[in-house]
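Observations on chain architecture
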Amino acid sequence: MNTIRELWDNSEKTYAELPAVRWLEKKEVKEISYKGLGESISAVRKGLKKEGFQGAHISLIGTASVSWIAAYLGITTGQNIAIPLDAGLPAEDLAALLVDADAEALFLAPKLAPYAELFTAQCPKLRKIWLLQEETAEGVSTLADVKAAGEGEADVEGRTASEIATLIYTSGTTGKAKGVMLSQTNLARNVENVNYKKDPGCVLMSVLPVHHAFCLVMDWLKGFSLGAVICINDNFMHMVRNMSIYKPNVMLMVPLMIETIYKKLASIDASVPKAAVAQQVFGGNLEIIFTGGAHLDPFYIEKYAEYGVTILEGYGMSECSPVISANMPEDHKPGSIGRPLANVGLASHRR
């Protein structure tokens, strides 16, 4: 598997009738199948070509949604380069990143529509903005318009393995955020070499920001490769409630989330059976939490194990697509960051 196109086409064909994504609209759980999502991705891919975008840098600013992932994969399974940005940044900062990234087009969350005027004024290469919504709207372009533009058009071939798939901006912990160029094969091989298996239809609940490489690769791309149902957490404050709704088997978390949830576990009367607590807090089916991004005290790994949940810690960075090493279900040691992936080489450099 060398490209995102290969990954997605295989998943759509293999798991066509299975649900691919679930999300909440008010209190109702909605879902779309792999086939349905694939049709949306294909429509975006063809629509972008019809609109004149081939080999273009196209940004996305928004939180996780079916529209966001259809747009992202419509970009990266075709001939364009995706640039996901943090929707929580100030408008001026986002405009600066759009300029730095040479963005020619933008998919923008509807709630951020007021930013469009600023972006148009400050980003000279930006020639099109679409709102990330499935409905058309008067006076603005939307994702629905992109899809409509591609109706009746021939499909678009994907990029080659060595070509750039995405530009991920780092958090800027050592200064100004920098764009990391990741190729199609960088992402596809990282998915392939994070070698854990789950049955198709397993439930994966996504709680991390979708513009981060860790979430994008380990939740979305890896999840799709497994035929998982990826459930969107609509708000960090609703995470525990949503676990009881979606009943996930696998999750990705940063250590702070693990520590925060443990406070809730610890606050429950010790006389309550741990299986009942796991049902109440995790939804009853949670088996694995993958974590990274900071050190996790092994104390939490031991405590979560009492509730039937295995925490697997790893290490990575955006520049490495992002996973470098990870503990796996069949091979893990509390307090370690696991073994390097099979396609990763490590060397020690002394000064």
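Shown above is the structure to which this text applies.
Note that the structure is predicted; figures quoted are calculated from it, not measured. (Residues numbered from 1 in each chain as written. Predicted model: local features only at pLDDT ≥ 70, side-chain atom pairs only at ≥ 80, totals over all residues. Heavy atoms only, no water.)

Concerning the overall build of the protein
Quick note on the threshold: Strands are runs of DSSP state E lasting at least 2 residues, helices are runs of H or I lasting at least 4, and numbering of each runs from the N terminus. Our radius of gyration looks at C-alpha atoms and nothing else; its globule reference is 2.2 Å times the residue count to the power 0.38. Three exposure classes are used, based on accessible area relative to the maximum for each residue type with a 1.4 Å probe and protein chains only: buried under 20%, partly exposed in between, and exposed over 50%. Here a residue-residue contact requires only that any non-hydrogen atoms of the pair lie within 4.5 Å. Only the protein chains shown count as covering a residue, and every accessible area follows the Shrake-Rupley method with a 1.4 Å probe.
Along the backbone of the protein there are twelve helices and 15 strands. For a compact globule of 351 residues, the expected C-alpha radius of gyration is about 20 Å, and the protein comes in at 20 Å, within 12% of that figure. When its C-alpha atoms are laid out on the principal axes, the protein stretches across 60 × 55 × 40 Å. Per-residue burial for the protein yields a buried fraction of 51% across its 351 residues. Taking the intrachain contacts of the protein between residues at least 6 apart in sequence as the baseline, contacts between residues at least 24 apart amount to 64%. A total accessible area of about 16,100 Å² is found for the protein, and carbon and sulfur atoms account for 51% of it.

Brief notes about the side chain of Ser183
Turning to its location among the elements, Ser183 is positioned in strand S8 (residues 179–183). For Ser183, the residues in contact, after removing those within four places along its chain, are Ala161, Ser162, Glu163, Ile164 and Ala165.

Concerning the nonpolar core
The following threshold applies: What we call a nonpolar core is a set of buried Ala, Val, Leu, Ile, Met, Phe, Trp, Tyr and Cys residues that are connected through their side-chain atoms within 4.5 Å.
Ranked by size, the top nonpolar core spans 94 residues in total, and within it Leu37, Phe107, Phe224, Phe282 and Tyr304 carry the most contacts. It is helix H8 (residues 213–226) that provides the largest number of residues to this core, a total of nine residues. Dropping the residues within four chain positions of it, Phe107 is found in contact with Val44, Leu48, Ile58, Ser59, Leu60, Ile61, Ala71, Ile75, Trp130, Leu132, Leu143 and Val146. Judged by nonpolar contacts, the second largest core, of 21 residues, contains Leu85, Leu94, Leu106 and Leu112.

Some details on unusual backbone geometry
For the bond from Ser321 to Pro322, the omega torsion is 0°, close enough to zero to count as cis. Relative to the assigned elements, Pro322 resides in the loop between strand S13 (310–316) and strand S14 (323–326). Within the secondary structure layout, Ser321 lies in the loop between S13 and S14. Accessibility expressed as a relative area gives 4% for Ser321, which makes it buried.

Observations concerning the sheet that holds strand S12 (residues 288–291)
Inclusion rule: The rule for pairing is simple: two strands pair if DSSP sees at least two bridges between them.
If you trace the nine strands from one edge of the open sheet to the other, you get S2-S1-S10-S9-S11-S12-S13-S14-S15, paired in mixed fashion. Edge positions in the sheet fall to strand S2 (28–33) and strand S15 (339–340), since each of these pairs with one other strand and no more. Bridge count between strand S1 (residues 19–25) and strand S10 (residues 229–232): two bridges; the pairing is parallel. What sits directly across from Arg22, in S10, is Cys231.

With respect to the packing of aromatic side chains
The line we're drawing: Centres within 6.5 Å make a pair out of two Phe, Tyr or Trp rings, where for Trp the six-membered ring is used; the pair is then stacked when the planes are under 30 degrees apart, edge-to-face when over 60, and tilted otherwise.
Counted by the stated rule, this structure contains 14 aromatic pairs. With a centroid separation of 5.2 Å and an interplanar angle of 75°, the aromatic rings of Trp8 and Phe224 are classed as edge-to-face. One end of the pair, Trp8, is in helix H1 (residues 4–14); the other, Phe224, is in helix H8, and 216 residues separate them in sequence. Looking at Trp8, the relative accessible area reads 1%, which means it is buried. Pairing Phe282 with Tyr304 gives two aromatic rings, centres 5.8 Å apart and planes at 40°, and the pair type is tilted. Of this pair, Phe282 sits in helix H11 (residues 274–282) while Tyr304 is found in helix H12 (residues 298–305), placing the two residues 22 residues apart along the sequence. For Phe282, a relative accessible area of 1% translates into the label buried.

Thoughts on the side chain of Asn242
In plain terms, the rule: In protein, a polar contact requires one atom able to donate a hydrogen and another able to accept it; more generally it is a pair of N or O atoms within 3.5 Å, and residues adjacent in sequence count only if both atoms are side-chain atoms.
Of note, Asn242 is situated in helix H9 (residues 239–246). Separated by 2.9 Å, the side chains of Asn242 and Arg241 make a polar contact. The residues contacting Asn242, other than those within four sequence positions of it, are Leu24, Met205, Asn233, Asp234 and Lys247.

Section: the environment of Ile168
Inspection of the secondary structure assignment puts Ile168 in strand S7 (residues 164–169). Classification of Ile168 as buried rests on a relative accessible area of 1%. Residues Ile168 and Glu134 lie 34 residues apart in sequence; the distance between their C-alpha atoms is 25 Å. Residues contacting Ile168, with those up to four places away along its chain left out, are Pro84, Lys178, Gly179, Val180, Leu182, His211, Ala213, Leu216 and Ser318.

Quick word on the packing of helix H10 (residues 255–267) against H12
Operational definition: Angles run from 0 to 180 degrees between N-to-C directions of axes, and those axes are lines fitted to C-alpha atoms, restricted for helices to the stretch in contact. What sets the label is the angle itself: under 35 degrees gives roughly parallel, over 145 gives roughly antiparallel, 65 to 115 gives roughly perpendicular, and the rest give oblique. Here is the rule for handedness: rotate from the far helix to the near one, and if that takes an anticlockwise turn smaller than a right angle the crossing is left-handed, while a clockwise turn gives right-handed. Throughout this entry, Asp, Glu, Lys and Arg are counted as charged residues, while Ala, Val, Leu, Ile, Met, Phe, Trp, Tyr, Cys and Pro are counted as nonpolar. The remaining residues, Gly among them, count as polar.
At a closest axis distance of 11 Å, the pairing of H10 and H12 adopts a crossing angle of 45°. Put simply, H10 runs oblique to H12. At the point where H10 passes H12, the crossing takes the left-handed sense. Between H10 and H12, the residues in contact are Ile258, Glu259, Ile261, Tyr262 and Leu265 and Phe299, Tyr300, Lys303 and Tyr304, respectively. Class assignment for the residues of the contact of H10 with H12 results in seven nonpolar, no polar and two charged.

As far as function goes, none of this settles anything; it's purely spatial.
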